[in-house]
Amino acid sequence: MLQHFDIFKIAQNGEHVWLEAAQSLDTATARVNALRETAPGDYLILSQSTGKRIVFTARGGIKRD
C-alpha cells in the first residue's frame, strides 16, 4: 500500500525529523495526536501528492499551508 502522508517531528533547531508515513490524512492526524501525548512538541504532516503541509504546534495550534 502506498503511504501518502509523511509525519515529522520538528526539532528545537527547526530540523524536520522523519518518523513514519501514513496512508490517509485521518490516520496521520490520529498518529500525531497520539505522539503528542508521549512526546510533546511540534509535528508536521506532509502530503506526498500535493506538497501541502500541516503543522501541529506544541501549544495545540494547527497551521496549514
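See the structure printed just above.
Read on for an overview of the structure. (Residues numbered from 1 in each chain as written. Predicted model: local features only at pLDDT ≥ 70, side-chain atom pairs only at ≥ 80, totals over all residues. Heavy atoms only, no water.)

## Points about the overall build of the protein
Then step 1. The helix and strand inventory of the protein stands at one helix and five strands.
Then step 2. Scanning the protein from its N terminus toward the C terminus, one meets helices and strands in the order β-β-α-β-β-β.
Then step 3. Based on the C-alpha atoms only, the size of the protein along its principal axes is roughly 30 × 20 × 20 Å.
Then step 4. Scored against the burial criterion, the 65 residues of the protein give a buried share of 29%. (Helix = DSSP H or I, 4+ residues; strand = E, 2+ residues; numbered from the N terminus. Buried < 20%, exposed > 50% of the residue type's maximum accessible area, 1.4 Å probe, protein only.)

## Overview of the pairing of strand 2 (residues 16-22)
Then step 1. Where strand 1 (residues 5-10) and strand 2 come together, six bridges link them in antiparallel fashion. Bridge pairing in strand 2 places F8 opposite W18.
Then step 2. Connecting strand 1 to the next strand, strand 2, in antiparallel fashion are five residues, including G14 with a positive phi near 90°. (Pairing = 2+ DSSP bridges.)

## Remarks on the sheet that holds strand 5 (residues 62-64)
Then step 1. Pairing is antiparallel across the open sheet formed by five strands, whose spatial order is 2-1-3-4-5. Looking at strand neighbours, the two that pair on one side only are strand 2 and strand 5, the edges of this open sheet. Recorded for the sheet is a direction-independent mean angle of 20° between the axes of neighbouring strands.
Then step 2. Where strand 1 and strand 3 (residues 42-47) come together, six bridges link them in antiparallel fashion. Bridged to K9 within strand 3 is Y43.
Then step 3. Across the sheet, helix 1 (residues 25-38) touches strand 1, strand 2, strand 3 and strand 4 (53-56), and the angle it forms with strand 3 is around 165°. (Axes fitted to C-alpha atoms, helices over the stretch in contact; angles between N-to-C directions. Contact = heavy atoms within 4.5 Å.)

## Comments concerning the pairing of strand 3
Then step 1. Relative to strand 4, strand 3 runs antiparallel, the two sharing four bridges. In the sheet register, L46 faces strand 4, and the bridge partner there is R53.
Then step 2. What sits between strand 3 and strand 4 in their antiparallel hairpin is a turn of five residues, with G51 showing a positive phi close to 80°.

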